[in-house]
Amino acid sequence: MRGVVFDVKRGSVKDGPGIRTSVFFKGCPLRCIWCHNPESWLPEPEPDGDGVIGRETSVEALMEEILVDRIFYRASGGGITLTGGEPMMQFPFLRELLAAAKAEKISTALDTCGFAPWEEYREILGLIDLFLYDFKAADSIRHRELTGVENELILENLCRLNEAGAVIFLRCPLVPGVNDSPEHLAAIAGWAERLSGVEEVTLEPYHPLGMEKAERLGRCGTLKCRNFPPSESVNAWRKTVASRTRKRVVVS
Ligand code: SF4
């Protein structure tokens, strides 16, 4: 079983609890206007100057890389995070990698945009300890403007995962003037409150660090913002969301 990844980051502390190895899968069905990983969009390896973005690999080879840090996962409560891109785009490979990690008793997290068939989520539910689930816009038309797809399937999958007992961190990219309205912040808090499986709301303030890559690859969205949001705005977002939900609210 072979798949295509474009990065493996050891020692990550941002993609879930503890110390983690993050595996970045290639391929994504969305086209978020703020995307800072545009090199993930196409499913296959692709040329980039003198190099290549992405490499084919096997579950066995990835597990070798993953197991190097096993001692750190145990000591810190960490594990692996499968991210991208959208890992569900390579479902058979994802399923086999998850099964291999579980066989080694490695904790697993899946970072997903939610845009995949429910049957596939259901199939791997028992192999995933934590879902890092994106929430980008509550309104479907707005969601399409921002990401290229409507959000009915995404919200339906979120509800079904919740009903099935999944542990969920709701990951909310926030872009000033784009999706930081009081209504959107209230919607984030409302979904977190309603879904018992949501343990944390992770606010992810926009950063422009992917802009250079996007320009190089000719994949710029309509968002041309080159500034980080001011810390006052970020604090205000956190306070607003935290005042409306009892769930943990953190800024990533
Ligand atoms: S889901 Fe993630 S990787 Fe895909 S376009 Fe959006 S930000 Fe980029």
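Please read these numbers as outputs of a predicted model, since none were measured by experiment. Counting restarts for each chain: residues are numbered from 1 in the order of the written sequence. For a predicted model such as this one, the threshold for reporting local features is a pLDDT of at least 70, and the threshold for listing and counting side-chain atom pairs is 80 or more; totals across whole chains, interfaces and linings nevertheless cover every residue. To get the side-chain values, take all heavy atoms of the structure and skip hydrogens and water.

Engineer: Before we go on, may I ask you to explain the sheet that holds strand S2 (residues 20-25) in this structure?
Structural biologist: Hydrogen bonds along the backbone pair up the strands of a sheet, which may run parallel or antiparallel. Taken together, nine strands build an open sheet; the order of strands is S5-S1-S2-S6-S7-S8-S9-S10-S11 and the sheet is mixed. Each edge of the open sheet carries a strand with a single partner, namely strand S5 (55-58) and strand S11 (248-251). Averaged over neighbouring strand pairs, the angle between their axes works out to 30° when direction is ignored. Relative to S5, strand S1 (residues 2-12) runs antiparallel, the two being bridged by four bridges. Bridge pairing links Val5 to Arg55 in S5. By definition, residues are in contact when any of their heavy atoms lie within 4.5 Å. Helix axes are fitted to C-alpha atoms over the stretch in contact, other axes to C-alpha atoms as well, and angles between N-to-C directions run from 0 to 180 degrees. Labels follow the DSSP assignment, with helices taken as runs of H or I lasting at least four residues and strands as runs of E lasting at least two, numbered in each case from the N terminus. The sheet strands contacting helix H1 (residues 59-67) are S1, S2, S5 and strand S6 (79-83), and the helix crosses S5 at an angle near 85°. In short, DSSP must find at least two bridges between two strands for them to pair.

Engineer: Would you mind going over the side chain of Glu46 with me for this structure?
Structural biologist: With respect to the helices and strands, Glu46 occurs in strand S3 (residues 46-48). At a separation of 2.6 Å, a polar atom in the side chain of Glu46 contacts the side chain of Arg219. Once you skip the residues sitting within four places of it in the chain, Glu46 turns out to touch Lys26, Glu39, Gly51, Val52, Ile53 and Arg219. Definition of a polar contact: a pair of N or O atoms within 3.5 Å, with one able to donate and the other able to accept a hydrogen when the atoms are protein atoms, and with sequence-neighbouring residues admitted only if both atoms are side-chain atoms.

Engineer: Please explain the packing of helix H7 (residues 182-194) against helix H9 (residues 231-242) as it appears in this structure.
Structural biologist: Packed helices, taken two at a time, are described by their axes: the angle between them and the distance between them. One can describe the packing of H7 onto H9 by two numbers: an axis separation of 8 Å at closest approach and a directional angle of 45°. Here H7 lies oblique to H9, going by the angle between them. Every pair of crossing elements has a handedness; the one defined by H7 and H9 is right-handed. Across from Leu185, Ile188 and Ala189 in H7, the residues of H9 making contact are Trp237, Thr240 and Val241. Residue polarity follows a fixed list, in which Ala, Val, Leu, Ile, Met, Phe, Trp, Tyr, Cys and Pro are nonpolar, Asp, Glu, Lys and Arg are charged, and the others, Gly among them, are polar. Split into classes, the residues belonging to the contact of H7 with H9 amount to five nonpolar, one polar and no charged. Here roughly perpendicular refers to angles of 65 to 115 degrees, roughly parallel to angles under 35, roughly antiparallel to angles over 145, and oblique to all remaining angles. Each helix crossing is assigned a hand: it is left-handed if the near helix lies turned anticlockwise from the far helix by less than a right angle, otherwise right-handed if that turn is clockwise.

Engineer: Teacher, can you tell me more about the nonpolar core here?
Structural biologist: For soluble globular proteins, nonpolar side chains are generally found buried alongside one another. In this text, buried Ala, Val, Leu, Ile, Met, Phe, Trp, Tyr and Cys residues form a nonpolar core when linked through side-chain atoms within 4.5 Å. A 1.4 Å probe rolled over the protein chains alone gives each residue an accessible area, and that area as a share of the maximum for its type sets the label: buried under 20%, exposed over 50%, partly exposed in between. Ranked by size, the top nonpolar core spans 67 residues in total, and within it Trp34, Leu82, Leu94, Leu110, Phe131 and Leu161 carry the most contacts. Sequence-distant contacts of Leu82, defined by excluding residues within four places in its chain, comprise Val23, Phe25, Pro87, Leu94, Leu97, Leu98, Ala109, Leu110 and Asp111.

Engineer: Would you explain unusual backbone geometry in this entry?
Structural biologist: Negative phi is the rule for most residues except glycine; trans is the rule for most peptide bonds. Residues Gly84 and Gly85 are joined by a peptide bond in cis, for which omega reads 10°. In this structure, Lys105 takes a positive phi of about 60° despite not being glycine. Examined against the element boundaries, Lys105 turns out to sit in the loop between helix H3 (91-103) and strand S7 (108-112). Exposure remark for Lys105: the relative accessible area of 70% places this residue in the exposed category.

Engineer: Where do I start with the packing of aromatic side chains in this structure?
Structural biologist: Ring pairs (aromatic) are described by centroid distance and by the angle formed between their planes. What counts as a ring pair is set by centres within 6.5 Å for rings of Phe, Tyr and Trp (its six-membered ring), and what kind of pair is set by the plane angle: stacked under 30 degrees, edge-to-face over 60, tilted for all other angles. Counting across every chain of the model gives three aromatic pairs. On the numbers, 5.8 Å between centres and 55° between planes, the contact of Phe25 with Phe93 is tilted. Linking Phe25 in strand S2 with Phe93 in helix H3, this pair joins segments that are 68 residues apart in sequence. With respect to class, Phe25 is no different from Phe93; both count as buried. We count a charge as sitting over a ring when the NZ of a lysine or the CZ of an arginine lies within 6 Å of the ring centre and within 35 degrees of the ring normal. Directly above the ring of Trp191 sits Arg194, whose terminal nitrogen or CZ lies 4.7 Å from the centroid.

Limitation: the analysis is restricted to geometry and does not speak to function.
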